[in-house]
Every structure is written in structure tokens, then in C-alpha cells.
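Structural description and commentary
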Amino acid sequence: MSVPAIERVLFTEEEIERAIRRVAAEISAHYAGRELKLVGVLKGSVFFLAALARELTVPVKVDFLAISSFANQKGAPGMVRIAKDLDDSIEGEEVMLVEDIVDTGFTTRYLLQHLSGRGPKSLALCTLLDRTPRRIVQVPVDYRCFEIPDRFVVGFGLDYKQLYRNLKYVAVLNSEPATEI
Amino acid sequence: MAAQRLECELVTEPDLAKMIAAEFGDSIRIPDLAWRPLTVSILASLGAARHVVVCCTGAELFSGHLGASMLRLHVVAPESVRLANLMQDCRLDRAEAKVRLRQMEAARALIRKRRYGQKISRPTDFDLVLNARRLGPSEMVDLLEAAVKSQGLLDSGPLTATDAAEVQFRVRLQLARFGIVPPKRPTVEREEVGDRKEFGHPSEQVFANLLDFYGIVWDYEPRSFPLQWDKDGKVAEAFTPDFYLPEFNLYVELTTMKQANVTRKNRKIRLLRAIYPHVNIQVFYQKDVQDLVTKYGLPERLAR
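Not measured: the values here are computed from a predicted model.

Basis of the calculations
Residues numbered from 1 in each chain as written. Chains lettered and ligands numbered in written order. Predicted model: local features only at pLDDT ≥ 70, side-chain atom pairs only at ≥ 80, totals over all residues. Heavy atoms only, no water. Pairing = 2+ DSSP bridges. Helix = DSSP H or I, 4+ residues; strand = E, 2+ residues; numbered from the N terminus. Contact = heavy atoms within 4.5 Å. Axes fitted to C-alpha atoms, helices over the stretch in contact; angles between N-to-C directions. Expected span 1.5 Å × (residues − 1). Patch = residues over 30% accessible without salt bridge, like charges linked within 9 Å, V, L, I, M, F, W, Y side chains within 5 Å. Areas by Shrake-Rupley, 256 points an atom, 1.4 Å probe, with all protein chains shown as cover. Salt bridge = Lys/Arg side-chain N within 4 Å of Asp/Glu carboxyl O. Buried < 20%, exposed > 50% of the residue type's maximum accessible area, 1.4 Å probe, protein only. Core = buried A, V, L, I, M, F, W, Y, C linked by side-chain atoms within 4.5 Å. Parallel < 35°, antiparallel > 145°, perpendicular 65-115°, else oblique. Nonpolar A, V, L, I, M, F, W, Y, C, P; charged D, E, K, R; others polar. Phe/Tyr/Trp six-rings, centres within 6.5 Å; stacked < 30°, edge-to-face > 60°. Lys NZ or Arg CZ within 6 Å of the ring centre and 35° of its normal.

1. Here we look at the sheet that holds strand β8 (residues 243–245) of chain B
Residue and element names in this part refer to chain B. The four strands are arranged β5-β8-β9-β10 in an open sheet whose pairing can be described as mixed. Across the chains shown, the open sheet's two edge strands, defined by having one partner strand only, are β5 (219–220) and β10 (280–284). Across two bridges, the pairing between β5 and β8 is antiparallel. Bridge pairing links Tyr 220 to Phe 243 in β8. Across the sheet, helix α10 (residues 202–213) is in contact with β5, β8 and β9 (250–254); its angle to β8 comes to roughly 10°.

As C-alpha cells, this is what we get:
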């Protein structure tokens, strides 16, 4: 398998740390005196959620869910579904969905609708990266570390065919040569 | 009178109740606190298509959702004027009118309290407060019209499709807490757009599958937009976006040509945006389609 190379670093480790501290301070101020449940989406948000949780000063609970992948569908694509559900109820809790990236908005919209149906006291959205140029479905992003241009990025949880998640920085991946149809 | 002067659609409280029943089903029991998101959902749908004048208890409190696209007007009047109006409109004597006025005030306060948590309206929640003691209806409409013009509300067009979609999404999240399912999506005959439709390119079939996967209703090439006309007025050039997503009032165009070869299409899209500024279109170029292929693990051959 050929793996495209890194073209350039978009956000360094230090820049990411600074942005996470800034967002964590905003969240801590908003939820002061309250308890917050962070809900991460496997697998991409694990790295960001862990870094964010460490910077928060309010009491934090953590839970994860995963959704079925479009790529893994055999034959007809079917419908998106929860592949790994939350371990605990979120009813009456202050919940924050933590995403690595909000892109087209397809996945985030589905997850927000799913979570809101579980009766949380409040539901917010926090993302490491917000790629607004590619948005199809509008979703309310409450907290974001970075807005990014319309480039394919990897690192800090974001993958290319499951690789690169462990990079400490966010980088632009080299474009593959395109063929005209 | 205001709606007529401003050439807007008038939406009253009974109209809203009918629209909510039509949109969400007339058999649902609406909790009082769900009234606000339900009404906002209806107004966002209407506001994306045309300008409206809304006459409804507590409408000034919708500005949190509908923002600067609203101008909030409150008309107050001394009791003597209100009694006179009631006596005239309902053919009541003064004593009967007084009783009726108290009943109406109590009923309105109860509705406000239940739906919005406050019995009376606050002047600071309005942009314009007019007193009918001296001003007649026509003078008040003059002032309203001037305020609408000074805010440029009629020049800026109705609520943008993007803003409306944002409002609808937030509203749906709130409604879910009341167990109210989102409005019935615009119906599309799936068998006509899915299986029997001939797509222009395999990437369009994959994109359609992706939309189906996330439960997003779509239509394929439902509308052509004339871009140029000949001297006889016949359409000389038109543009037909690949997809229309009715839930978001959004057109999507997939471009799988090389960037260097998309100049003609870009020109058409620029023309489309200039001639039809309220049409919301998202363009996916070859690079974007390839990124989707990578992100969602689509069959790679379809991107080429």
C-alpha cells in the first residue's frame, strides 16, 4: 500500500496545546460549578478529548460511541447506525460532543440528533478542527480550536487509512495525482 | 394593513397553529414549552422563502433564533382605546367590554407564562414600541415601514438558506427533548431517483448512496436555471446542479474534471450566483470528491 507523504505541518504541537488550553478555559468558565460529560467519537476524537479533558477545571465524565462506517457496508449502503453505544445514560446531564473534525456535517448532525433524543440537560459541540468550506449540513459548533482550509489533513487523531493518528501535530497530506474522466 | 403595505405574507397565531398541525401532524400533543421551537421552525421555513409579518403572542422572543432578520414591533394603547376598539369590534357595551378585556389579558398572560415563562412582555425585547393613544393605524404603519427600510430588511432578501438550515437544526435538537420528531421531510419518490435514475457519473451514484446512508433526502437534477437568453427570449444557456437537498434548501454540484478544465463550469456557477443570489449551492471539485473518497472509504475507482 502506498501512503501519501506529509506535505506540510498545518498546526504544530505547541499551537495545538495553546488552542486546547484556550478552548478548555472557555468551556471551564461556561460550565463553572457544574459537571460535564464529554462524549467522544471513536476513533478520531480520542486524542483531542484526552488532551481537552486534562485542561478542564470542571468535574468531567467521559464516554465514547462509534458509528457504522459507510466504507464497511456490504452491497447496498444501508443506513448509518450506532456501532458502539454510550456505556451510561446521559439523561439530565450537561453533555458535550467532542469531534476531531467537523467537515460535511453528515456525521456530526447524525450524532447530535441521536444524543439529543437521549434527554440531556444540554448538548454542546466542541471540535478540534472545523472545515467550513466543505460544509453541506449546517451544525452548531460551540467550541473550535481551529478553522482549516479545504485540505485533507492528518494527525492528532485524524487518519489516512487508519495511519497518522498518532502524530503530535496536524499536517496536510500530499495530494494524490488526479486522473481526468 | 402592515403586511399589505410591506407586500409581505401575514401570519397570525391561528395560521401558525394550522401550519404546525400540517407540518408535525395534527394528532401530536404539544407541550407548552415546545411551542417556541415549533413556531420558530415554521417561521424559519417561511422566512427562507419570503418576507412575513408575524402577529403572535411572544413572537418577540423568537429573535434568539431568528436574529437580525426580525424587526420586533409592539403596539400599546391606553385602556380607554382598547375598550373602545372592543366595543366597536365585538358590539359590546362598556361594562361587557371591560370584562372581556380582563379575560383576554388573563388568557394571554397565562399563555405567555406557560409557553415562555413570563406573564408580560418587556419593552426592551422590542425594536419599536408605538402608542395608539395618538397614532392611528396608518401612521403606525408609516413608522413601521420607515423602520423596516432603515434596517434594510426588505433589501437583504429573506432569511438565507444557510441561516434557515442552522435554525432548523437547532430547533430539531430542542424538539427531540419533547419527543417530537422532526417535521416530515420533503418526500421524494426514492425509486425514481435512486434505482431508475441514470447518473451522469459513477461519483454521483456514490454521493447519492452517501446521502442515503446518512438519511438525507435528495433529488437528482430537479431543476435547470436559465443563465442566458437569446434576442427572442429563449433560453440560450442553462445550468443544472447535480443534487438538491430539500431539507437544507441546498444544491450540490460534483465536478470530477481536472481543475484546469473547470473554467467553463465555474463561469456558469458564478452566473448562477449572480442571477439567483438566493440559490444556495455547494460545489465539490475533483479534489473534494477525492477527499470524500478517502474520508468515507468509497470505492476509489469511482473518484477517477
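2. Things to note about the environment of B:Ala106
Within the element layout of this structure, B:Ala106 appears in helix α6 (residues 94–116). Measuring from C-alpha to C-alpha, the distance between B:Ala106 and B:Lys119 comes to 9.1 Å, with 13 residues separating the pair along the chain.

3. Quick word on the side chain of B:Asp125
Its place among the elements puts B:Asp125 in the loop between α6 and β4 (128–131). Excluding residues within four positions of it along the chain, B:Asp125 makes contact with B:Glu60, B:Leu61, B:Arg72 and B:Gln118.

4. Looking at helix α7 (residues 137–150) of chain B
The end-to-end C-alpha distance of α7(B) is 20 Å, a good match for the 20 Å that 14 residues give at a rise of 1.5 Å each. The inward-facing, buried residues of α7(B) abut α1 (2–6), β3 (73–76) and β4 of chain B.

5. Some remarks on a nonpolar patch on the surface
Residue and element names in this part refer to chain B. A surface patch of nonpolar side chains, amounting to about 270 Å² of accessible area, comprises Trp 229, Val 235 and Ile 275. Turning to its location among the elements, Val 235 is positioned in strand β7 (residues 235–239). Exposure remark for Val 235: the relative accessible area of 49% places this residue in the partly exposed category.

6. As for the nonpolar core
In globular proteins that are soluble, nonpolar side chains generally tend to be buried together. Counting residues in each nonpolar core, the largest one holds 44 residues, and the members touching the most others are B:Tyr214, B:Phe243 and B:Leu245. Judged by nonpolar contacts, the second largest core, of 33 residues, contains A:Leu52, A:Val153, A:Phe156 and A:Leu158.

7. Overview of unusual backbone geometry
The peptide bond linking A:Leu42 to A:Lys43 adopts the cis configuration, its omega dihedral lying at 0°. The residue A:Lys43 is located in the loop between β2 (36–41) and α2 (46–55) in this model. Its identity is not glycine, yet A:Tyr164 carries a phi of approximately 80°, on the positive side. A relative accessible area of 17% places A:Tyr164 in the buried class. Although it is not a glycine, B:Asn249 adopts a positive phi angle of roughly 50°. Structurally, the position occupied by B:Asn249 is in the loop between β8 and β9.

8. Comments concerning the sheet that holds strand β8 (residues 153–154) of chain A
The strand order across the open sheet formed by three strands is β1-β9-β8 (chain A), and the pairing between neighbours is antiparallel. Of all the strands in the sheet, the pair left with one neighbour each is β1 (6–11) and β8 of chain A.

9. Topic: the packing of helix α5 (residues 79–90) of chain B against α6(B)
Residue and element names in this part refer to chain B. α6 packs onto α5 with a crossing angle of 105° between their chain directions and a minimal axis gap of 9 Å. One way to sum up the angle between α5 and α6 is to call them roughly perpendicular. Here α5 contributes Glu 79, Arg 82, Leu 83, Leu 86, Met 87 and Cys 90 to the contact with α6, which in turn contributes Arg 94, Ala 97, Lys 98, Arg 100, Leu 101, Arg 102, Met 104, Glu 105 and Arg 108. Of the residues assigned to the contact of α5 with α6, the class counts are seven nonpolar, no polar and eight charged.

10. Details of the packing of aromatic side chains
Residues and elements named next belong to chain B. This model, assessed by the stated rule, comprises 11 aromatic pairs over all chains. In textbook terms, an aromatic cluster arises when at least three aromatic residues are bridged by ring pairs, as seen for Phe 207, Trp 218, Tyr 220, Phe 243 and Phe 284. Residue placement shows Arg 115 over the ring face of Trp 35; its charged tip is 3.8 Å from the ring centre.

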